[in-house]
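Fold and geometry: a report
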Amino acid sequence: MTSILAAVDGSIYAQSVVDYAAWAAAKLGASVELLQVIGRRELSSEDRSGRLVAGARRQLLEELAALDAERAKLLIKAARLELEDASAALADKGLTTAVTLRHGDLLETLAEREATSELIVIGKRGQDAELARQTARGLHLGSNLERILRGASKPVLVASQAYREIRRVMVAFDGRPSAMHAVAAVTQSPLFSGAEIVLALAGRPDDEAATKLGAAAARLQNAGFAVAKKILPGAATDALPQAVTDENADLLVMGAFGHSRLRTLMIGSTTAALIQSSRIPMLVYR
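The rules we used
- Residues numbered from 1 in each chain as written.
- Predicted model: local features only at pLDDT ≥ 70, side-chain atom pairs only at ≥ 80, totals over all residues.
- Heavy atoms only, no water.
- Helix = DSSP H or I, 4+ residues; strand = E, 2+ residues; numbered from the N terminus.
- Buried < 20%, exposed > 50% of the residue type's maximum accessible area, 1.4 Å probe, protein only.
- Contact = heavy atoms within 4.5 Å.
- Areas by Shrake-Rupley, 256 points an atom, 1.4 Å probe, with all protein chains shown as cover.
- Core = buried A, V, L, I, M, F, W, Y, C linked by side-chain atoms within 4.5 Å.
- Polar contact = N/O pair within 3.5 Å; in protein donor to acceptor, adjacent residues only side chain to side chain.
- Pairing = 2+ DSSP bridges.
- Axes fitted to C-alpha atoms, helices over the stretch in contact; angles between N-to-C directions.
- Arc of directions from axis to C-beta.
- Parallel < 35°, antiparallel > 145°, perpendicular 65-115°, else oblique.
- Nonpolar A, V, L, I, M, F, W, Y, C, P; charged D, E, K, R; others polar.
- Salt bridge = Lys/Arg side-chain N within 4 Å of Asp/Glu carboxyl O.

Structural notes on the overall build of the chain
A count of helices and strands for the chain gives 11 helices and 10 strands. Taking all 286 residues of the chain together, 48% fall into the buried category. Considering only contacts within the chain whose residues lie at least 6 apart along the sequence, 79% involve residues at least 24 apart. For the chain, the exposed surface amounts to about 14500 Å²; the carbon and sulfur share of it is 51%.

Dropping the structure here:
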């Protein structure tokens with residue numbers, strides 16, 4: 001049985017991650033692995049003893065170590081409770097689950113666990129989501145998510161804050177190989193069975209792009225999908241979010257940049273900008 005790898009972390013996105021993992025697992029006939037990684041920074045306190053005399057410094061370091069040990073116990077307890085609750089909720093839906101709790105680096109753990117998984121599900125932002133909303137008008141992409149988009153070899157479903165049933169899917173299309181790959185994935189995956197597809201191209205297409213758009217629409221129609229083609233005026237980062245609203249889309253699908261560009265993904269990239277502005281989940285294919 002294939003597996004959906006769902007990364008939960010106690011943030012306000014955690015419930016949505018579990019809900020979208022359940023949706024994907026039901027569609028794919030897969031199990032769900034719930035993963036929580038407690039980072040090294042979360043387990044240790046800042047050392048403020050640098051200016052203290054030796055005896056006072058030693059005492060403070062001992063107290064900090066004791067606090068770190070107690071904090072670690074509480075973090076592990078909270079993580080286990082969250083994982084148990086999520087596992088019970090998935091079991092109630094008839095889904096098979098596994099639970100993994102690790103210390104260390106999230107990306108390293110995902111790289112290890114994704115080999116047996118078909119899809120990674122993660123929240124748009126982690127535990128600092130409240131702070132992120134208050135800074136830069138919320139246009140802050142979680143550092144873990146950015147690293148995962150660079151490094152993951154499997155599709156990544158970026159969960160929105162609240163779950164919604166997926167009936168209408170918008171596929172961002174620009175004629176590039178990554179977009180063609182995303183279209184091919186939609187035609188082949190049970191994830192999209194029964195969904196309506198909106199194939200959206202931003203900007204004024206040249207003849208080659210228009211031809212590719214028609215070919216992509218035909219491929220989707222031949223696979224049994226109801227397809228609407230949309231050519232959107234303006235840049236993708238402006239036009240696609242508006243089109244998502246206008247078309248009442250429940251999921252935005254796009255192909256990521258090629259491997260070399262993903263390694264240098266910055267906040268200004270199209271992928272990151274769309275994730276920042278999107279109020280619906282976004283599925284990114286490599």
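Still more to cover.
Quick word on the nonpolar core
Membership of the largest hydrophobic core comes to 50 residues, with the highest contact counts inside it found for Ile-4, Val-169, Phe-192, Leu-199, Leu-251, Val-253 and Leu-283. Per-element accounting of this core gives the leading share, 10 residues, to helix α1 (residues 14-28). Counting residues in each nonpolar core, the second largest holds 32 residues, with Leu-5, Leu-35, Leu-232 and Ile-280 among its members.

Examining the side chain of Asp-105
Residue position: Asp-105 is located in the loop between β3 (97-103) and α4 (106-113). A distance of 3.1 Å separates the side chain of Asp-105 from the backbone nitrogen of Leu-107, its partner in a polar contact. Reaching out from Asp-105, the side chain makes a polar contact with the backbone nitrogen of Glu-108 at a distance of 2.9 Å.

Quick word on the sheet that holds strand β8 (residues 227-232)
If you trace the 10 strands from one edge of the open sheet to the other, you get β3-β2-β1-β4-β5-β10-β9-β6-β7-β8, paired in mixed fashion. Among the strands making up the open sheet, the edge pair consists of β3 and β8. Neighbour-to-neighbour, the strand axes of the sheet open up by a mean angle of 20 degrees, direction not taken into account. Strand direction decides the pairing type here: strand β1 (residues 3-7) and strand β2 (residues 31-38), joined by five bridges, are parallel. Of the residues in β2, the one forming a bridge with Ala-7 is Leu-35.

Some remarks on α4
Where α4 is concerned, the buried positions are Leu-106, Thr-109 and Leu-110. Looking straight down α4, one finds its buried side chains confined to an arc of 100 degrees; they lie on one side.

Some details on unusual backbone geometry
For Asn-248, which is not glycine, the phi torsion reads 55 degrees and is therefore positive. Considering the arrangement of structural elements, one finds Asn-248 in the loop between α9 (236-246) and β9 (251-255).

A few points about the packing of helix α7 (residues 177-188) against helix α8 (residues 207-222)
Running from N to C, α7 and α8 cross one another at 10 degrees; their axes reach a closest spacing of 9 Å. Here α7 lies roughly parallel to α8, going by the angle between them. The segment α7 lies against α8, with Val-183, Ala-184, Val-186, Thr-187 and Gln-188 engaging Ala-216, Arg-219 and Leu-220. Here the contact of α7 with α8 is built from residues that sort into five nonpolar, two polar and one charged.

Overview of the pattern of salt bridges
Enumeration over the complete set of coordinates arrives at 10 salt bridges. In this structure, Glu-112 and Arg-102 form a salt bridge, with 3.1 Å as the shortest nitrogen-oxygen distance. Taken together, the residues Glu-112 in helix α4 and Arg-102 in strand β3 connect sequence positions 10 residues apart. On the basis of relative accessible area, Glu-112 is assigned to the partly exposed category, the value being 43%. Residue Arg-102 is classed as partly exposed on the basis of its relative accessible area of 26%. Here Arg-167 ties to Glu-165 by a salt bridge, and the two come within 3.1 Å at their closest N and O atoms. Take Arg-167: its relative accessible area is 54%, and that puts it in the exposed class. Among the residues examined, Glu-165 registers a relative accessible area of 47% and is labelled partly exposed. Counted as one network, the salt bridges with shared partners bring together Glu-33, Arg-102, Glu-112 and Arg-113.

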